[in-house]
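Listed here are the chains, written in short residue letters.
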Amino acid sequence: MHLIPPGKLRCLLAACLLWHSVSAQEPMTGPLPDSLTKGAGMVKRMDLTEIDIESPRKARIHHQYVYTILNSTGDPWSAISTFYDKFHDLGNVSATLYDAGGKVVKKIKKSDLEDWNIEGLGIFMMDIRVKYYRFGYHAYPYTISFEEDMTLSGLFGLQPQWMPQPSSLVSVVSSRLVIRAPADYPLQYKEYHFPDPVAVTEKKGDKIYSWQITNLPAVKSEPYAADWYGREPRINLAPGSFEVDGFKGSCYSWADLGRFMDELYKGRAQLPEEARRKVHALVDGLSDDHAKIRALYGFLQQNTHYVGIELGIGGWQPYDANYVYTRKYGDCKALANYMVALLKEAGIRGCSVLIRSGAEAPPIDTGFACTQFNHVIAVAFTGKDSVWLECTSSTLPAGYLSSLTADRDALLLDENGAHVIHTPAYGVRENRLIRVVKGSIDDKGDLQVTMQTDYSGLEQDGPASLVNRASKKDRLDLQRQLLGLANCTISDLADSASPGAVPALRETMTVSAGQYATVAGNRLLFTPGIFMRKMPRLQELANRQSDFELKASVEEADSIALQLPAGWTPEGNLLNGSLSSPFGSYRVRSSFANGVLTIACDYRQYKGIYPAAEYPRLVRLFNLAHREADRELVLLKAPPSAGP
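Conventions adopted
- Residues numbered from 1 in each chain as written.
- Predicted model: local features only at pLDDT ≥ 70, side-chain atom pairs only at ≥ 80, totals over all residues.
- Heavy atoms only, no water.
- Helix = DSSP H or I, 4+ residues; strand = E, 2+ residues; numbered from the N terminus.
- Buried < 20%, exposed > 50% of the residue type's maximum accessible area, 1.4 Å probe, protein only.
- Contact = heavy atoms within 4.5 Å.
- Pairing = 2+ DSSP bridges.
- Axes fitted to C-alpha atoms, helices over the stretch in contact; angles between N-to-C directions.
- 1 Å grid on protein atoms, 1.4 Å probe; cavity = no way out; pocket = protein on both sides within 12 Å on 5 of 7 lines; lining within 4 Å.
- Points joined across faces, edges and corners; volume = space filled by probe spheres on them.
- Nonpolar A, V, L, I, M, F, W, Y, C, P; charged D, E, K, R; others polar.
- Domains from an automatic or database assignment.
- Buried area = accessible area lost by both parts, 1.4 Å probe.
- Salt bridge = Lys/Arg side-chain N within 4 Å of Asp/Glu carboxyl O.
- Polar contact = N/O pair within 3.5 Å; in protein donor to acceptor, adjacent residues only side chain to side chain.
- Parallel < 35°, antiparallel > 145°, perpendicular 65-115°, else oblique.
- Left-handed = near helix turned anticlockwise from the far one by under 90°.

For the protein chain, the helix and strand inventory stands at 10 helices and 39 strands. The principal-axis extent of the C-alpha atoms belonging to the protein chain is close to 115 × 75 × 40 Å. Within the protein chain, the fraction of its 644 residues that count as buried is 50%. Summarising the internal contacts of the protein chain: among those between residues at least 6 apart in sequence, 71% fall at separations of at least 24.

As a further point, take the sheet that holds strand S6 (residues 114-117). Strand-to-strand pairing in sheets goes through backbone hydrogen bonds, with the strands running parallel or antiparallel. As summarised here, the arrangement of the three strands in space is S3-S8-S6, forming an open sheet in which the pairing is antiparallel. Edge positions in the open sheet fall to strand S3 (80-84) and S6, since each of these has one partner strand only. Put simply, the sheet's adjacent strands are angled 25 degrees from each other on average, direction ignored. In the sheet, S3 pairs with strand S8 (residues 129-133) via five bridges, with the strands oriented antiparallel. Of the residues in S8, the one forming a bridge with Ser81 is Tyr132.

Put simply, the second largest pocket is a space of about 830 Å³. Lining the second largest pocket are 35 residues; nearest its centre among them are Asp227, Ala361, Pro363, Glu549 and Lys607. Tallied by class, residues from the lining of the second largest pocket come to 15 nonpolar, five polar and 15 charged.

Domain boundaries assigned for the protein chain yield domain 1 (23-241), domain 2 (253-422) and domain 3 (432-637). For domain 1 and domain 3, the distance between their C-alpha centres works out to 46 Å. At the interface, seven residues of domain 1 touch 15 residues of domain 3. Taking both partners together, domain 1 and domain 3 bury about 820 Å²; carbon and sulfur atoms supply 52% of that area. It is Glu222, Pro223 and Tyr224 in domain 1 that bury the most area against domain 3; as a group they hold 68% of the surface buried on that side. Between the two partners, domain 1 and domain 3, sit one salt bridge. Among the ionic pairs, Lys551 bridges to Asp227, the shortest N-O distance being 2.9 Å. The interface formed by domain 1 and domain 3 contains seven residue pairs in polar contact (both at pLDDT 80 or more). For the side of domain 1 that touches domain 3, the class distribution of residues is four nonpolar, no polar and three charged.

Here we come to the packing of helix H5 (residues 289-303) against helix H7 (residues 332-345). Interaxial distance between H5 and H7 falls to 10 Å at its minimum, and their mutual angle equals 140 degrees. The pairing of H5 with H7 is recorded here as oblique in orientation. For the pair H5 and H7, the sense of crossing is right-handed. Between H5, through Ile293, Leu296, Tyr297, Phe299 and Leu300, and H7, the contact on the second element is made entirely by Leu335, Tyr338, Met339, Leu342 and Leu343. In terms of residue class, the contact of H5 with H7 is made up of 10 nonpolar, no polar and no charged.

Once that is clear, we can look at the sheet that holds strand S25 (residues 417-422). Spatial ordering of the open sheet is given by S23-S22-S21-S24-S25, a layout of five strands whose pairing is antiparallel. The open sheet terminates on both sides in strands that have one partner only, identified here as strand S23 (385-389) and S25. On average, adjacent strands in this sheet sit at an angle of 35 degrees to one another, irrespective of strand direction. Looking at chain direction, strand S22 (residues 375-382) and S23 are connected through five bridges and run antiparallel. Bridge pairing links Ala380 to Val387 in S23. Contacts from helix H3 (residues 254-265) reach strand S21 (349-355), S22, strand S24 (409-414) and S25 within the one sheet, and its direction differs from that of S25 by about 115 degrees.

Next comes the structure, spelled out in structure tokens:
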């Protein structure tokens with residue numbers, strides 16, 4: 001049962017009456033207006049989240065929704081999913097499936113849900129358990145109603161965001177968030193793209209915050225649209241003050257959050273005597289701090305491995321350095337804390353850094369202090385240099401961050417609490433792919449080339465991961481797929497890595513392909529673009545609405561030199577074209593001399609979000625690159641010379 005303090009009972013009854021009033025006007029499975037079904041996969045008929053904050057130590061949460069699934073793109077929202085752990089006590093749970101006519105197909109209760117230990121998902125030590133159920137119903141449209149109650153112990157785990165329209169494929173009839181708290185409780189919140197500001201009322205010593213969205217249509221998907229997270233209406237939440245597992249803290253500022261984290265970390269960076277001796281054995285003979293950092297980071301990489309640990313407060317508090325040294329494992333925060341301890345013993349300042357990890361992860365809002373993070377890394381300081389350390393990786397070089405954590409704001413934990421810091425950004429000078437292809441085509445159309453590819457920065461992340469994790473057979477299979485050549489044989493595959501702050505990888509191979517070129521009478525037809533930058537073909541969009549986003553800065557330079565069979569010459573125009581724009585450029589040039597066809601192609605792309613009005617220029621850029629890489633060249637065989 002969802003227990004409500006007497007002083008708040010009237011507010012809940014008012015909300016319930018409002019819901020019943022709406023239900024009477026709009027039946028659970030009644031008709032929906034075209035404006036809300038157009039382009040949608042799911043319609044939120046009703047979504048109500050109520051949070052009753054009783055104290056910095058406790059809150060009660062009630063969530064209720066009715067979703068209508070219109071087609072297969074809405075199916076992901078039909079799954080019933082919730083969770084519980086030490087700080088989240090799950091109460092009543094129920095759900096009902098309705099068919100298109102409103103008839104009840106199935107009802108489920110809490111005991112019907114599958115109960116999953118997340119350890120089964122490949123993470124080792126966690127006390128979070130997931131309750132899950134999938135109806136497996138696909139007769140569209142159908143409707144799911146859901147209701148749950150939960151008690152939260154410690155407001156540090158307060159729901160950090162409320163997103164009434166979680167996807168552009170979702171339309172909303174009504175979505176509402178209601179938070180009740182003692183009038184003197186300092187709730188922190190921030191509104192993004194919200195049509196109406198919060199409605200705040202006071203009643204019997206409580207302050208009631210209410211947000212509501214109504215009649216919000218789905219948004220048409222557009223190619224390369226900027227992340228939905230940056231466009232959707234949402235509310236960020238944070239507890240002004242909280243207490244969890246005996247620790248007290250506040251979220252008025254990043255410094256406040258940092259001081260709370262400092263309490264969690266206090267006394268956990270002490271190394272055992274044996275570990276201290278090993279540190280000095282590694283670094284005492286080195287005079288350069290960068291060399292010391294590399295030595296200690298290598299020691300960590302060689303002697304520890306990552307294990308997820310999310311037990312109770314351990315979701316935020318690291319296991320101590322002694323534990324990691326002895327057990328030789330830890331999660332991201334424990335490994336980062338251990339790395340900081342190793343650095344400290346060597347006389348080098350290091351700090352743990354809270355970060356939101358993920359190649360597609362949205363940026364944190366540096367103007368609103370709250371728990372916006374899912375990962376911890378470390379940074380070492382020497383002079384004016386910062387050396388970034390991804391402590392969960394056994395392969396990344398010291399000083400380099402991959403696409404998972406590069407170029408984003410993060411929170412550095414230091415002796416003053418915490419402050420925002422930005423991780424290294426890699427641009428076109430760092431993220432490069434340089435490919436050199438040399439070889440020949442014979443008069444049967446068979447191809448024989450050597451290919452050398454130099455990757456650096458973010459461009460080497462994928463190839464380097466394959467080198468470290470995949471078998472040679474799998475790598476050969478993937479290369480054949482990427483080339484897209486029938487009758488293709490790859491041999492002499494080799495690679496050499498150059499670690500550093502901007503790592504590089506050189507890959508070489510020999511490629512043979514029978515009938516690469518098509519012989520048609522006195523003509524030979526082939527497509528050299530398989531060795532060039534491949535871009536998708538885009539369509540012009542009338543009245544485009546959303547800005548477009550390019551997520552990485554990259555450069556690819558391709559050089560191709562093919563010896564053609566004697567007596568054959570190009571027919572028609574060779575590959576030539578160029579285009580420049582604020583977000584990228586493309587240039588391809590070709591020549592033919594002494595029986596050799598030479599092609600030089602350069603593509604550049606600049607990370608950023610660009611106005612929708614500029615999209616036609618992106619279309620022209622991508623389509624030029626697509627057209628030239630897709631072009632078929634024709635060689636014409638010279639007729640035999642006449643006799644005397």
